[in-house]
Amino acid sequence: ARIMRGATLALSVAAAPMVAQADTVTLRGASMFDESHAFTKTLREFERLVKENYDGDVQFDLRLNGELGVESDYVTFLQQDVAVDYTIMAPSNMAVFAPSIPLMDMPFLFRDLDHWNAVLSSDVLKPLEDELLEKADIKIIGYTGGGVRNLLSDHPTHNLEELAGFKMRVMGAPIQARTFSALSANPSAIAYNEVYNAIQTGVINSFENEAASVQDLKFYEVTPYVALTQHTITVRPIVMSGKTFRQLPEDLQAVILQAGKEAGAFGRALESREDGIKLKEMEGAGLIHVNAFEDRDKLLELVKPVQDAYAAEIGATELLAAIRAK
Ligand code: MAV
């Protein structure tokens, strides 16, 4: 649980980006994970593609293992154009700057992987991308993700009845808490690097996450019980600071946009393929105990009005309909 305990922010890190005299561009990236996680591999693929296709000199300085904090820190760094130029980020961590962006990763948005793929390979999310750029100056250059989020707890849960009053952590976007409240759980927004301790000390009993991250950060040590709620297929934009992007030479910008797109496709194939395998690996090693969740259809029914109300509030009723119709 590397980032879980004693993670310190490297605020001493100099402002980015750096376009030096000798035309060397150095971009700094951030990942909460080690080299084995799909997000890090996706960022490495992005770096490889940029280097391969750009004639000039571009260097990447990717900081791993939460050295620069967690995504909710990265979003501030990106927005202020300090310390981080590129990363992968849950839309729900960008809610403070663009309240409509979490629409793309709200629970139960996608029916299945085919639906998720159809949405991510279309341009239906473009209005949300535009809003993020305008309000937060963060540019989406590709989409990865493909993990399935389940409920992880310090004791088993099998159905809605057992979920009632359940003290669980959710990501910071209000739509996340509203969704789990509608399922009668008792959600609170807690920073990702505090989740492990919060569970260990009994502040909460549970959270929700995908296999890759549970394995990488050893969350199974405190939440070995996995209920297959399968409530979210993750959408994880590869993002760049807008200010950084604008300062880059035009030919490099073009290479970055293409590399972001291709690295995203690479990452989606990777994480969606590995997701089930990783669950099985952890189960086989006796690290987790997996059980079905009985009322999954009922969950969907309870959540739909919450989604509709949120979409109406942010003026995205048509957008939500377009996503559902894909
Ligand atoms: C997982 O590690 C990833 O989906 C990451 O993007 C999220 O921020 C994190 O969970 C979380 O739940 O905060």
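Residues numbered from 1 in each chain as written. Predicted model: local features only at pLDDT ≥ 70, side-chain atom pairs only at ≥ 80, totals over all residues. Heavy atoms only, no water.

### Re the confidence of the model for the protein
Put simply, the protein has an average pLDDT of 93, and 93% of its residues get 70 or more. Every residue in residues 1-14 is under pLDDT 50, and counting partners more than four places away or in other chains gives 42 contacts. In the predicted assembly, ipTM is 0.99 and pTM is 0.93. (pLDDT = per-residue confidence, 0-100. Contact = heavy atoms within 4.5 Å.)

### Some thoughts on empty space enclosed by the protein
Once rolled over the atoms, a probe with the size of a water molecule shows which space is left empty. A full pass over the atoms with the stated rule returns three cavities of 30 Å³ or more. Volume-wise, the largest cavity comes out at about 60 Å³. Around the largest cavity sit Val-148, Asn-150, Leu-152, Asn-209, Glu-210, Ala-211, Val-214, Val-226, Asp-275, Leu-279, Met-282 and Ile-288, which together line it. Broken down by secondary-structure element, the contributors of at least two residues to the lining of the largest cavity are strand S5 (138-153), helix H8 (211-216) and helix H10 (250-284). Residues that form the lining of the largest cavity fall into these classes: eight nonpolar, two polar and two charged. Considering the residues around the second largest cavity, the lining is formed by Phe-108, Leu-151, Leu-163, Phe-180, Leu-183, Thr-229, His-231 and Leu-299. Split by residue class, the lining of the second largest cavity holds six nonpolar, two polar and no charged. (1 Å grid on protein atoms, 1.4 Å probe; cavity = no way out; pocket = protein on both sides within 12 Å on 5 of 7 lines; lining within 4 Å. Points joined across faces, edges and corners; volume = space filled by probe spheres on them. Helix = DSSP H or I, 4+ residues; strand = E, 2+ residues; numbered from the N terminus. Nonpolar A, V, L, I, M, F, W, Y, C, P; charged D, E, K, R; others polar.)

### Digging into the site of the ligand
Residues in contact with the ligand amount to 14 residues; listed here are only the nearest, Glu-71, Arg-149, Arg-169, Tyr-192 and Glu-210. Tyr-192 is positioned with one of its side-chain polar atoms (N or O) 2.8 Å from an oxygen atom of the ligand. Within the side chain of Glu-210, one N or O atom sits 2.5 Å away from an oxygen atom of the ligand. For the ligand, the protein covers 99% of the area, taking 320 Å² as the surface of the free molecule. Cavity membership is defined here by more than half of the atoms lying within 2 Å of grid points; on that basis the ligand lies in the second largest pocket. (Near = heavy atom within 4 Å. Polar contact = N/O pair within 3.5 Å; in protein donor to acceptor, adjacent residues only side chain to side chain. Areas by Shrake-Rupley, 256 points an atom, 1.4 Å probe, with all protein chains shown as cover. Sits in = over half its atoms within 2 Å of the grid points.)

### Here we look at the environment of Gly-242
Of note, Gly-242 is situated in helix H9 (residues 242-247). Residue classification places Gly-242 among the buried residues on the basis of a relative accessible area of 2%. For the pair Gly-242 and Asp-123, spaced 119 residues apart in the sequence, the C-alpha separation amounts to 20 Å. (Buried < 20%, exposed > 50% of the residue type's maximum accessible area, 1.4 Å probe, protein only.)

### Overview of the packing of aromatic side chains
Taken as a whole and judged by the stated rule, the model has six aromatic pairs. A centroid spacing of 5.5 Å and a plane angle of 85 degrees characterise the contact between Phe-33 and Phe-39, whose relative ring orientation is edge-to-face. For the pair Phe-33 and Phe-39, a shared accessibility class is recorded, and that class is buried. Aromatic side chains Phe-46 and Tyr-86 sit 5.7 Å apart centroid to centroid with 50 degrees between the ring planes, which places their arrangement in the tilted category. Of this pair, Phe-46 sits in helix H1 (residues 38-53) while Tyr-86 sits in strand S4 (residues 86-88); the two residues are 40 residues apart in sequence, bridging distant segments of the chain. (Phe/Tyr/Trp six-rings, centres within 6.5 Å; stacked < 30°, edge-to-face > 60°.)

### Describing the layout of surface pockets
There is about 510 Å³ of room inside the largest pocket. Lining the largest pocket are 20 residues, with Glu-129, Ile-141, Gly-142, Tyr-143 and Lys-261 positioned closest to its centre. In the lining of the largest pocket, the residues fall into nine nonpolar, four polar and seven charged. Each pocket or cavity is described by its volume, and for the second largest pocket that value is around 260 Å³.

### Some thoughts on the pattern of salt bridges
On inspection of all chains with the given rule, the structure shows 17 salt bridges. Linking Arg-236 and Asp-105 is a salt bridge whose minimum nitrogen-to-oxygen distance equals 3.4 Å. Linking Arg-236 in strand S9 (residues 225-241) with Asp-105 in the loop between S4 and helix H3 (113-120), this pair joins segments that are 131 residues apart in sequence. For the salt bridge of Arg-246 with Asp-137, the shortest nitrogen-to-oxygen distance reads 2.9 Å. Highlighted residues: Arg-246 in helix H9 and Asp-137 in the loop between helix H4 (126-136) and S5, separated in sequence by 109 residues. (Salt bridge = Lys/Arg side-chain N within 4 Å of Asp/Glu carboxyl O.)

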